[in-house]
Amino acid sequence: VFRHFSDMEGLYAAMTERLRSEVMPLLQVEASTGSLGERVEDFVEARATFFERLLPYARSSNLLRWRSDFLEADHVHGTRELRNHLLLYFPELRKVSPDLLEAVDWVSSLEAWDRLRGDQGLGRARAASVQRVALEALLRDEIG
């Protein structure tokens, strides 16, 4: 490994670049403009596909993030990109209370998906169903 990379940060950067080129197109779908239920359905499916591909790498990265400036910065960047993806599907969230925006962002996060899939032992379909229920409950009164 160190014949190709002078340090771990360089290795992390190369791995991240390759992974991003593979997984980011999974989020590059046109956002639905249908009903709230249709948008939630499309959003959760896009996220589930993305998260399923990314999850093993994210778990590994999270274990190392505390000692890597690159991985920490990449985590912050990825979180920002996922917030933008959320707002693409639900632009109305720009006008709701900050707490509601944070709640929706949290429910639809990789960390929430990881808990559903890992800690709670749910299969992909059931985890997606749980996320849909949570998102619809949070959004129904505000943008439904």
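Residues numbered from 1 in each chain as written. Predicted model: local features only at pLDDT ≥ 70, side-chain atom pairs only at ≥ 80, totals over all residues. Heavy atoms only, no water.

Q: Would you take a moment to explain the overall build of the protein chain for this structure?
A: Secondary structure summary: the protein chain contains 6 helices and 0 strands in total. For the protein chain, the N- to C-terminal ordering of α and β elements is α-α-α-α-α-α. Based on the C-alpha atoms only, the size of the protein chain along its principal axes is roughly 55 × 30 × 25 Å. Expressed as a percentage of contacts within the protein chain between residues at least 6 apart in sequence, the contacts between residues at least 24 apart total 69%. (Helix = DSSP H or I, 4+ residues; strand = E, 2+ residues; numbered from the N terminus. Contact = heavy atoms within 4.5 Å.)

Q: Can you walk me through helix H5 (residues 110-119) in this structure?
A: Owing to its 3.6 residues per turn, the α-helix brings residues three or four apart onto one side. Those residues of H5 lying buried are Leu110, Ala112, Trp113 and Leu116. Seen from one end, H5 has its buried residues packed into an arc of 165°, which puts them on one side. Set apart from the buried face of H5 by more than 90 degrees, the exposed residues are Arg115 and Asp119. Those residues of H5 that are buried lie in contact with helix H2 (36-64), helix H4 (98-107) and helix H6 (124-143). Glycine 121, located one to two residues past H5, shows a positive phi value of around 65°. (Buried < 20%, exposed > 50% of the residue type's maximum accessible area, 1.4 Å probe, protein only. Arc of directions from axis to C-beta.)

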